[in-house]
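A closer look at the structure
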Number of protein chains: 2
Amino acid sequence: MNLAEFNQSVREIRDDRVRGASELARRCLDILMITAGKTWPNQSAAELQRCLLELADELATTRPSMTVLQNLLRQWRQGFTSHFPLKDLAAVRQAAVNQAEQLIAASQQAVRDCAGYAAELLGRGRTVLTHSRSSTVVEVCRLLKDADLRMIVTESRPLEEGRQWAEQLAAWQVPTTYITDAQMGLFVAQADAVLVGADSILTDGSVVNKAGTYLLALAARASQVPFYVCAENLKWRRAEQPPLTLEEMATAELGVPDWPGVTVRNVYFDITPPELVSAWISEQGCMDRMPKR
Amino acid sequence: MNLAEFNQSVREIRDDRVRGASELARRCLDILMITAGKTWPNQSAAELQRCLLELADELATTRPSMTVLQNLLRQWRQGFTSHFPLKDLAAVRQAAVNQAEQLIAASQQAVRDCAGYAAELLGRGRTVLTHSRSSTVVEVCRLLKDADLRMIVTESRPLEEGRQWAEQLAAWQVPTTYITDAQMGLFVAQADAVLVGADSILTDGSVVNKAGTYLLALAARASQVPFYVCAENLKWRRAEQPPLTLEEMATAELGVPDWPGVTVRNVYFDITPPELVSAWISEQGCMDRMPKR
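Along each chain, residue indices are assigned from 1 in the same order as the chain's sequence is written. Numbering of ligands from 1 and lettering of chains from A proceed in the order in which they are written. In keeping with the predicted nature of the model, local features appear solely for residues at pLDDT of at least 70, side-chain atom pairs appear and are counted solely at 80 or more, and the whole-chain, interface and lining totals rest on all residues. Values reported for side chains reflect all heavy atoms of the structure, with hydrogen atoms and water molecules removed beforehand.

Now for the overall build of chain A. Segments assigned H or I by DSSP are reported as helices when at least four residues long, segments assigned E as strands when at least two residues long, and all are numbered from the N terminus. Tallying secondary structure elements over chain A gives 9 helices and 11 strands in all. Throughout, the radius of gyration refers to the C-alpha atoms, and the reference size of a globule is 2.2 Å times the residue count to the power 0.38. Whereas a compact globule of 293 residues would reach a radius of gyration of roughly 19 Å, chain A reaches 20 Å, a difference of no more than 12%. Projected onto the principal axes, the alpha-carbon positions of chain A cover approximately 65 × 50 × 45 Å. A buried classification covers 58% of the 293 residues belonging to chain A. What makes two residues a contact is simply this: any of their non-hydrogen atoms within 4.5 Å. Contacts spanning at least 24 positions in sequence make up 73% of the contacts within chain A whose residues lie at least 6 apart. Carbon together with sulfur atoms contributes 49% to the accessible area of chain A, which is approximately 12100 Å² in total. Exposure categories follow from relative accessible area, calculated using a 1.4 Å probe and restricted to protein chains: below 20% of the type maximum is buried, above 50% is exposed, and the middle band is partly exposed. Values of accessible area rely on a 1.4 Å probe in the Shrake-Rupley scheme; residue burial ignores everything except the protein chains shown.

Here it is, written out as structure tokens:
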């Protein structure tokens, strides 16, 4: 792998605005598998090993607001290095690929299990309001699409991933209402529940998710509508991890001119405090309060 | 005035998405003045009188969420008809124009007085967050632009009147931060105060304003940032007026395709309850609680 390929892989993850955190974390493992499979002249086992570890470390820095990406890559590194020393190139390849495949399968299963619990909690015939497009929430809707589910989805500025989401729900024939983010306060009272995914969950249960989620949680609380968060355990931040950074993206995404003296801001995520969360749903089930510490 | 001109005047007010409620209300009076000045063959005083009253009544129905428009046109009607019977065409014209001019001047003065009180309340060196573009808030900023004012403004979907607003603030050299509506919860804690205008204020003090205002008020309360509403008295709804309708605009404004089974909604206004309002500022001063009823 040359430097250009290395940088391109890192850039792919850094610039992705479509996939949710879990999908993107699994894509990092894909990239490690593809890299492990590549050949270049005079390649040695030690070189490939070093290259893969460097790539994993670099990928883990790309999306500071997405804890699952850091956690999944850390697990991959632990599993991969536990096989050291590896005797030849083939063994390095096999260890890297096996470890990635195993973690991808586990992550997919975790998302399915999360979604199963969320679908059970919601039940039949519900109207659910969500913000942005979480792959875990997509999976919940897939499970409930023939159970009289109705959805309210937001456009989700600036890149409006709500469009792709509405199109998916239309294909599933789920009756859907599509609103601007600013209308969340008007429509939350029509929902039986709010369900969102998460990019990260902090140690105190605070939810890091697409900007606007905090406003939605405030409105849900004011209307006494339950606010559920559905996210696999690997999205929880551990106490020893450094403080989370809220990613800010290119201001060009807002599509406005360069006014003198005007600072355009495009912070992608906000933080919803635990007291606004009715339940955290993971692959282990539902938890309706944070354990006392 | 023929039917086409009549309908065009009504349509102008109905379709305007740029001007705030006060500006639009005054524009209705402009239209009545222009209409009063028009001549057509064999016109009689009685005909012009009838035409102007019909136009005023029709204009009053165009924007059900904007109480000031209804109230200003009601005042115009009262003043105009108080001169009846009018002896000739010239007298009808003069009564219509005088009445409109007087009310436009009073409305402009009311907005200036509101803004004066708001500027006094805010004081020097403040960071103020606002949503949408209110002509009264514009006037407040004009008064404070050389008093170390800093603004945080929202894009205000769907038509993004925040753009025009940011451009104005840039021209005034007011340091400004421009954000998506969804980022209001992230930035409210950086503000010393939230200041918004209103399209209407209900008898209990609830504030009808651009969708998203309610979310901002919730976030302001959660961050203990004062939430001020600045609106002339004519925006208050009187008990005898019918319940207010929240206007819904063309869904084409959201710019999404026609997905089967997906209902696109574009409700322009939401309602902020009085308990989230720190003070109502009118041309009579500041009121920090609703009088007991």
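Let us now look at the pairing of strand β4 (residues 193-196) of chain B. All names here are of chain B. Alternating positions in β4 separate into two faces, A193 and L195 on one and V194 and V196 on the other, with burial throughout. Strands qualify as paired when DSSP identifies two bridges or more between them. Here 2 bridges tie strand β1 (residues 127-130) to β4, and the two strands are oriented parallel to one another. Across the sheet, residue V128 finds its bridge partner in β4, namely A193. In this sheet, strand β7 (residues 227-230) lies alongside β4 in parallel orientation, the contact comprising 3 bridges. Paired with V194 across the bridge in β7 is F227.

Turning our eyes to something else, we now look at the packing of helix α2 (residues 21-37) of chain B against helix α3 (residues 45-60) of chain B. Residue and element names in this part refer to chain B. At a minimum axis distance of 10 Å, the contact between α2 and α3 shows a crossing angle of 160°. Considering the angle they form, α2 stands roughly antiparallel to α3. Where α2 crosses over α3, the two elements pack in a sense that is right-handed. Every residue of α3 that contacts α2 at C28, I31, L32, T35 and A36 is listed here: L48, C51, L52, L55, A56 and L59. Only Asp, Glu, Lys and Arg are considered charged, only Ala, Val, Leu, Ile, Met, Phe, Trp, Tyr, Cys and Pro nonpolar, and every remaining residue, Gly among them, polar. Taken together, the residues of the contact of α2 with α3 sort by class into 10 nonpolar, 1 polar and no charged. The axes are straight lines fitted to the C-alpha atoms, using for helices just the contacting stretch, and the angles between their N-to-C directions are given from 0 to 180°. For classification purposes, an angle smaller than 35 degrees is called roughly parallel, one larger than 145 roughly antiparallel, one from 65 to 115 roughly perpendicular, and anything else oblique. Helix crossings are classified by the rotation of the near helix relative to the far one: an anticlockwise turn of less than a right angle makes the crossing left-handed, while a clockwise turn makes it right-handed.

This part is about the pattern of salt bridges. Throughout this description, the term salt bridge denotes a Lys or Arg side-chain nitrogen within 4 Å of a carboxyl oxygen of Asp or Glu. Taken as a whole and judged by the stated rule, the model has 42 salt bridges over all chains. Among the salt bridges present, the one from K145 of chain A reaches D146 of chain A, with a minimum N-O distance of 3.6 Å. Where E248 of chain A meets R265 of chain A, a salt bridge forms, and the shortest distance between an N and an O atom there is 2.9 Å. Pair noted here: E248 of chain A is in the loop between β7 (227-230) and β8 (262-264) and R265 of chain A is in the loop between β8 and β9 (269-272), with a separation of 17 residues, a long-range link. Relative accessible area serves as the criterion here: at 35%, E248 of chain A is assigned to the partly exposed category. Taking the relative accessible area as the measure of exposure, R265 of chain A reaches 25% and is therefore partly exposed. Each of the salt bridges in this network shares a partner with another, and the network as a whole consists of E155, R157, E160 and R163 of chain A together with E155, R157, E160 and R163 of chain B.

Across the sheet, 8 strands lie side by side as β11(A)-β10(A)-β7(A)-β4(A)-β1(A)-β2(A)-β3(A)-β8(B); this open sheet has mixed pairing. A strand with exactly one partner marks an edge of an open sheet, and here the two such strands are β11 (285-287) of chain A together with β8 (262-264) of chain B. When strand polarity is set aside, the average angle formed by the axes of neighbouring strands in this sheet is 25°. In this sheet, β8 of chain B lies alongside strand β3 (residues 176-179) of chain A in parallel orientation, the contact comprising 3 bridges. Across the sheet, residue T177 of chain A finds its bridge partner in β8 of chain B, namely T263 of chain B. Across the sheet, helix α5 (residues 89-122) of chain A touches β1 (127-130), β4 (193-196), β7, β10 (279-282) and β11 of chain A, and the angle it forms with β10 of chain A is around 135°. Each of β1, β2 (150-154) and β3 of chain A together with β8 of chain B is contacted by helix α7 (residues 162-171) of chain A, which is oriented at about 165° to β2 of chain A, the strand it contacts most.

What follows is about the interface of chain B and chain A. Put simply, an interface is often sized by how much accessible area is lost when its parts join up. In this complex, chain B contributes 44 residues to the contact, which on the side of chain A involves 44 residues. Connecting chain B to chain A are 4 salt bridges. Close ionic contact of R157 of chain A with E155 of chain B constitutes a salt bridge, the shortest N to O distance being 2.6 Å. N or O atoms closer than or at 3.5 Å make up a polar contact, with two conditions inside protein: a donor-capable atom paired with an acceptor-capable one, and, for residues adjacent in sequence, both atoms drawn from side chains. Viewed at the interface, chain A and chain B are joined by 18 residue pairs in polar contact (both at pLDDT 80 or more). Those elements that place two or more of their residues in the side of chain B that touches chain A are α7 (162-171), β3 (176-179), α8 (184-187), α9 (213-222), β8 and β9 (269-272) of chain B. Take the side of chain B that touches chain A: its biggest share by element is 5 residues, from α9 of chain B.

What follows deals with α7 of chain B. Residues G162, W165, A166, L169 and A170 of chain B constitute the buried set of α7 of chain B. One side of α7 of chain B holds all its buried residues, which, seen down the axis, span an arc of 140°. Against the buried residues of α7 of chain B lie β8 of chain A together with β1, α6 (135-144), β2 (150-154) and β3 of chain B. Downstream of α7 of chain B by a residue or two, Q173 of chain B has a phi angle that is positive, lying close to 60°. The arc under discussion is defined with respect to the helix axis, by the directions toward the C-beta atoms.

V188, V194, F227 and V229 of chain A together with V194, F227 and V229 of chain B are the most contacted members of the largest nonpolar core, which totals 56 residues. When residues of this core are traced back to their parent elements, those giving at least two are α8 (184-187), β4, α9 (213-222) and β7 of chain A together with α8, β4, α9 and β7 of chain B. Setting aside residues up to four positions removed in sequence, V229 of chain B forms contacts with V196, G197, A198, I201, V207, V277, A279, W280 and I281 of chain B. For the purposes of this section, nonpolar cores are sets of buried Ala, Val, Leu, Ile, Met, Phe, Trp, Tyr and Cys residues that join through side-chain atoms within 4.5 Å. Core analysis: the next-biggest nonpolar cluster, separate from the first, contains 43 residues, I31, V92, M249 and Y268 of chain B among them.

Moving on, we get to the packing of helix α1 (residues 3-15) of chain B against α3 of chain B. All names here are of chain B. One way to put it is that α1 packs onto α3 with a least axis distance of 10 Å and a crossing angle of 25°. Comparing the axis directions of α1 and α3 gives the class roughly parallel. The crossing of α1 and α3 is right-handed. Packed against α1, whose contacting residues are F6, S9, V10, I13 and R14, the element α3 presents C51, E54, L55, E58 and L59 at the interface. Its residues assigned to classes, the contact of α1 with α3 shows 6 nonpolar, 1 polar and 3 charged.

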